[in-house]
Amino acid sequence: MSDKPQQSSTVTLTLDGNEISVPRGSTLIEAAEQAGVRVPHYCYHPGLSSPAMCRLCLVEVEGAPKLQPSCVTMAQDGQTVHTNSQEARKQRQGVLEFYLVNHPLDCPICDQSGECKLQDYVFAEGRKHGRSQEPKRVFGRDDFGGDVLFYGDRCVMCTRCVRFMDEVAGDPRLTVVERGDRAIIDTFFEEGLSGSPFAGNIVDICPVGALVSKDFLHKARAWDLDHTPSVCTSCSQGCNIQIHTRDNEVQRLKPRENLEVNGFWMCDEGRHNYEWMNSPHRLEVPRVSEVAGESPVAMGWGRALDALLPALREGGPVMAVASPFASNEDLGALAHLVERLGGGDLVFRSPEAETEVVLPGFPQLVRRRDLSPNRTGAELLGFRRVGDAQGQGGLEAAAAHDGILLILGDELRDQEADFGTKARFLVRLGSTASGVEAAHAHLPITTHAEQDGSFANHEGRVQRFWPALKGPGAARPAWMILGTLAARLDPEAMEEGPGSAAEAFHRLVAAHGPFAGMSFDALGTRGVPVSQPAALQGA
Amino acid sequence: MGYPYSHSSEVPLLSKHFGQPEARTLEGWKARGGYEGLRKALELGREQVIDAVKASGLRGRGGAGFPTGVKWSFMPKDKNKPHFLLCNADESEPGTFKDRELIRWTPHQVIEGCLIGAYAIGAEHCYIYVRGEFFEATQVLAKAIEEVYEAGIAGDDAMGSGERLDVTLHVGAGAYICGEETGLMNSLEGRRGQPRIKPPFPAAVGAFGLPTTINNVETLCAVPHIVVNGGEWYRQWGTEKSPGTKLFCVSGHVQKPGNYELPLGFPLKDLIYDVCGGLAPGRDLKAVIPGGSSVPLLTKDECLPCTLDYEGVVEAGSMLGCASVIVLDDTANVVKQVRRMVQFYAHESCGQCTPCREGTSWMTRILTRIEAGKGLEADLDTLLDLSDQMTGTTICVLSDSAAAPVVSSIGKFKEDYLALIRRGERVGAA
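Residues numbered from 1 in each chain as written. Chains lettered and ligands numbered in written order. Predicted model: local features only at pLDDT ≥ 70, side-chain atom pairs only at ≥ 80, totals over all residues.

Engineer: Run through the overall build of chain A, naming residues and quoting values.
Structural biologist: Within chain A, the secondary structure is distributed over twelve helices and 26 strands. Dimensions of chain A, computed from the C-alpha atoms along their principal axes, are close to 85 × 60 × 40 Å. A buried classification covers 49% of the 539 residues belonging to chain A. In chain A, 62% of the contacts between residues at least 6 apart in sequence involve partners at least 24 apart. (Helix = DSSP H or I, 4+ residues; strand = E, 2+ residues; numbered from the N terminus. Buried ≥ 20, exposed ≤ 12 C-beta atoms within 10 Å, placed from the backbone. Contact = placed C-beta atoms within 7 Å.)

Engineer: Before we move on, could you go through the overall build of chain B and cite the residues and values that matter?
Structural biologist: When helices and strands are counted, chain B shows 18 helices and eleven strands. Judged by the C-alpha coordinates and their principal axes, chain B covers about 70 × 45 × 35 Å. Counting the 430 residues in chain B, one finds 58% classified as buried. By sequence separation, contacts in chain B at least 24 residues apart represent 70% of the contacts at least 6 residues apart.

Engineer: Tell me about the packing of helix H6 (residues 107–120) of chain B against helix H7 (residues 135–150) of chain B, residues and numbers included.
Structural biologist: Residue and element names in this part refer to chain B. Viewed as axis vectors pointing N to C, H6 and H7 meet at an angle of 60 degrees, and their least axial separation amounts to 9 Å. Here H6 lies oblique to H7, going by the angle between them. Relative to H7, H6 is oriented so that their crossing is right-handed. Together, Pro107, His108, Val110 and Ile111 of H6 and Val140, Leu141, Ala144, Ile145 and Val148 of H7 make up the contact between the two elements. Its residues assigned to classes, the contact of H6 with H7 shows eight nonpolar, one polar and no charged. (Axes fitted to C-alpha atoms, helices over the stretch in contact; angles between N-to-C directions. Parallel < 35°, antiparallel > 145°, perpendicular 65-115°, else oblique. Left-handed = near helix turned anticlockwise from the far one by under 90°. Nonpolar A, V, L, I, M, F, W, Y, C, P; charged D, E, K, R; others polar.)

Engineer: Any chance you could break down the nonpolar core for me, citing the residues and the numbers?
Structural biologist: Ranked by internal contacts, the top residues of the largest apolar core, which has 284 residues, are Ala322 and Leu334 of chain A together with Cys87, Cys114, Leu115 and Leu271 of chain B. Ignoring sequence-local partners within four residues, the contact set of leucine 271 of chain B consists of Phe248, Val250, Leu262, Phe266, Cys276, Leu308 and Val325 of chain B. (Core = buried A, V, L, I, M, F, W, Y, C linked by C-beta atoms within 7 Å.)

Engineer: With reference to specific residues and values, describe the sheet that holds strand S8 (residues 285–289) of chain B.
Structural biologist: One open sheet accounts for five strands, arranged S6-S5-S11-S8-S9 (chain B); its pairing is mixed. Two strands lie at the open edges of the sheet, namely strand S6 (258–263) and strand S9 (298–299) of chain B, each paired on one side alone. (Pairing = 2+ DSSP bridges.)

Engineer: Residues and numbers for unusual backbone geometry, please.
Structural biologist: Residue proline 199 of chain B is bonded to the preceding lysine 198 of chain B through a cis peptide linkage, with omega at -5 degrees. Positionally, proline 199 of chain B belongs in the loop between helix H8 (181–188) and strand S4 (212–216). With omega at 0 degrees, the peptide bond leading from proline 199 of chain B into proline 200 of chain B counts as cis. Of note, proline 200 of chain B is situated in the loop between H8 and S4. At methionine 157 of chain A, a position not held by glycine, the phi torsion is positive, near 60 degrees. Considering the arrangement of structural elements, one finds methionine 157 of chain A in the loop between strand S7 (148–151) and helix H4 (160–168). Judged by the 23 C-beta atoms lying within 10 Å of it, methionine 157 of chain A is buried.

Engineer: I'd love a proper account of the interface of chain A and chain B, names of residues and values included.
Structural biologist: Counting residues at the interface gives 24 residues for chain A and 27 residues for chain B. Its residues placed into classes, the side of chain A that touches chain B shows 13 nonpolar, five polar and six charged.

Engineer: Any chance you could break down the pairing of strand S9 (residues 184–187) of chain A for me, citing the residues and the numbers?
Structural biologist: Residue and element names in this part refer to chain A. Pairing of strand S8 (residues 174–177) with S9 involves four bridges; the strand directions are antiparallel. Bridge pairing in S9 places leucine 174 opposite threonine 187. The antiparallel pairing of S8 with S9 creates a hairpin that spans six residues between the two strands, and glutamate 178 there sits at a positive phi of about 60 degrees.

Engineer: Explain the sheet that holds strand S6 (residues 141–145) of chain A residue by residue, including any values.
Structural biologist: Residue and element names in this part refer to chain A. Here three strands make up an open sheet; going across it, the order is S6-S7-S10 and the pairing antiparallel. Of all the strands in the sheet, just S6 and strand S10 (211–213) have a single pairing partner and so form its edges. For this sheet the average axis-to-axis angle between neighbouring strands, irrespective of direction, equals 30 degrees. Here S6 runs beside S7; their pairing, made up of four bridges, is antiparallel. Residue arginine 141 lies in a different strand from S7, and its bridge partner there is tyrosine 151.

Engineer: Can you lay out helix H2 (residues 86–101) of chain A for me, pointing to particular residues and giving the numbers?
Structural biologist: The end-to-end C-alpha separation of H2 of chain A is 23 Å, in line with the 22 Å expected for 16 residues at 1.5 Å each. All of the buried residues along H2 of chain A are Ala88, Gln91, Arg92, Gly94, Val95, Leu96, Glu97, Phe98, Tyr99 and Val101 of chain A. At its buried positions, H2 of chain A is contacted by strand S3 (58–61), strand S5 (80–82) and helix H3 (117–125) of chain A together with helix H15 (354–371) and helix H16 (377–390) of chain B. (Expected span 1.5 Å × (residues − 1).)

Engineer: Tell me about the pairing of strand S23 (residues 441–444) of chain A, and name the residues and values.
Structural biologist: Residues and elements named next belong to chain A. Burial along S23 is two-sided: Ala441 and Leu443 and His442 and Pro444, pointing in opposite directions, are all buried. In the sheet, strand S14 (residues 287–288) pairs with S23 via two bridges, with the strands oriented antiparallel. By the bridge assignment for S23, valine 288 is matched with alanine 441. In this structure, strand S22 (residues 425–430) lies alongside S23, joined through four bridges in parallel fashion. The residue bridging glycine 430 from the neighbouring strand is proline 444, located in S23.

That's the geometry; what it means functionally is another story.
What follows is the structure, given as structure tokens:
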């Protein structure tokens, strides 16, 4: 080994006329991607092995006798590669025509239409008119179990689904049966994919409309959907997702690539947990009791805040019950308000699952025991967990509290109807109605799907989400309400509440050591670990 | 001696004992000089065996014609992991029936070749992958393997040499593609019989991920003779570049079809008109497929000067392949024959690569339509274009093989196509 010259960690090659340097060990398709050239492909997927069988990604490598599959050909020093030469284009056009020989061309009724790679590639590079006049082979439709439907005629035989189930899900329930153009994807047993916790991902990686989601079937056209980057709230893993919406309604959730957190994947549990974001049963208007002993009445925000401030200014012992489903900004603003009121106990309750579910082929991705998206954030901001594994109980002190009691999010469904009657002043901020009617004020807040903000996942990675929906009625982000209340506590100070989630974040960064030095903008779409990870429990 | 017919031009080396049931037994085989080659090989040592095979110029009989000794020398010399020899007995090329006969009549010849080959490349284990449909051959071979283990010829101490040489019979499930070397390895390992991407090549990463050499039955059968008699001896037959003898499987419109062992370089004309007794009376030669269904057709004019060695057939415009000579006389409808071949490839395509999976089946449908008298002239351009798209674009060469007869038949027998297209009539009946 010692007499060999030291190999540099990069290789330099010429790709489509440009000299590029890429890490040694990159394949040509990866090298092209880094140079901003996307080589059409089906069977290649960065999260799976490459069988080089779709034959679409063939490129011209000078000196090679024939076109080379760019997904398995290693980039080498001094190579000259043409991804768009006449030869390569002719090959792609030919392969695309082959794909259409048996394809039903049922785009008008296909869910994939608009985000279909066969459609895209054929429109970009296919022949204007197909030459096949022969009858097509027909497979029909198959229920694969779980959320997955299989339309065999649309399949391009890339086998990504088979490889995902085998290599990533570690649950090889799919295979190719038969051969030649009778080859088809199939399940082994009656239950198919049913019960496989990550099977929904095969719908995402299917480049065409062969594998579609039953939940999304014929629900919306792809081009009508708005895509908003977000974070899954179904556990503390913090899978990066996209919320797909149409007409202010969530249509589906899709995983968003983040190799640090979830790779390209998410679990089915999280994927299908979005109905609550579309719930019509929401608090829409602030309701405040202006006269002691009278029921709260609906009013605008200006009047509501004016009605709240005198009771808060009176002070007294303070206690806050928050929810680990609230953002860092909301929790930070709540902690700040409690501090301004003289300090008090900060608690939250969070549910836990009995078991964890690991994705074997990407073991960083785990459906966590901890089922709330921001328990870590709550703990870093000084909140203390109470109650049991179901997220219930533990509020004896709050029930007996006779000062100011602030509730953020928690619906308190497990509490007695007289919860909070002992409190001198009870304010609840929530997006939905609570099980407790004793509050002096009910303030409507937006959900994470309707606001800017961040969560800290199980390992303290702070990740942003963006508003995908417009909140109902007069609902406002909790940080805005709490921040404004805190700013107006002292009528002489002329303070202002935070004007944006970014400002709310920067205020909590200044106040809480674990977040020291972090910037909202720098979180980007991939998130950043908290600056003081030592503050994490058990770290 | 060929079987069932023989001819004085034959050089019966591998086929000498065809038709003799006693040769199937260990005792009968030993009486015919059996296992002397293995004994001598174990005495000579690995390098000398490889040198002898190199000197003989023996080339792979499975179709590609790659020099066997050179192939063996690709195996890693420093042996820090197990090596394998695979004997490819998945003979499935339409028109080929030589390996079946070699196994049926001379199972011990096959086993001896396997053991010598395994010894030469440092493999302790040889798998014989037999085509699933070869029921009789499988039984004969299984019996013979039992015999060699009982006699101590194979096993932990092969012939008392201290070398471990195991041989295992593996029966395929009947797929043409499992005759492709990496498809065979996948099948042997219990996976779908789909060819693998090369590189890595089998000598580096083969069966079970370990260094592997794969040889055809006929290639390995020639090895004991070469080891016993020396490399130079083998060169007395054949040409400079294609030495030795070869089994020719002749089928189609000849009077005496069958296996004939002839020296390479034998004239094709003599094979058809002399050895095989010519065509039926009153018939004229139309075309010959000289190397199994996956090579281009030769016209009558191309056949006449053609010699049957690897270079001679290439010169004539085709390939020797596995020397399966399919003869078509003037009653043959070339379109029908080509359609039947392409249909075979469409049926046998493993379905991995798009051009092959879709192309073979699409071409079959076009050819079927032309055959039914509903073709268009434009279909011929489409067929040629599809053939071009199917050549050199896939993992293995099955799709190239399907395209070759289409291209050559349209080039050489366009009239047959045009007659069907223009008149909607069939040319000939066969």
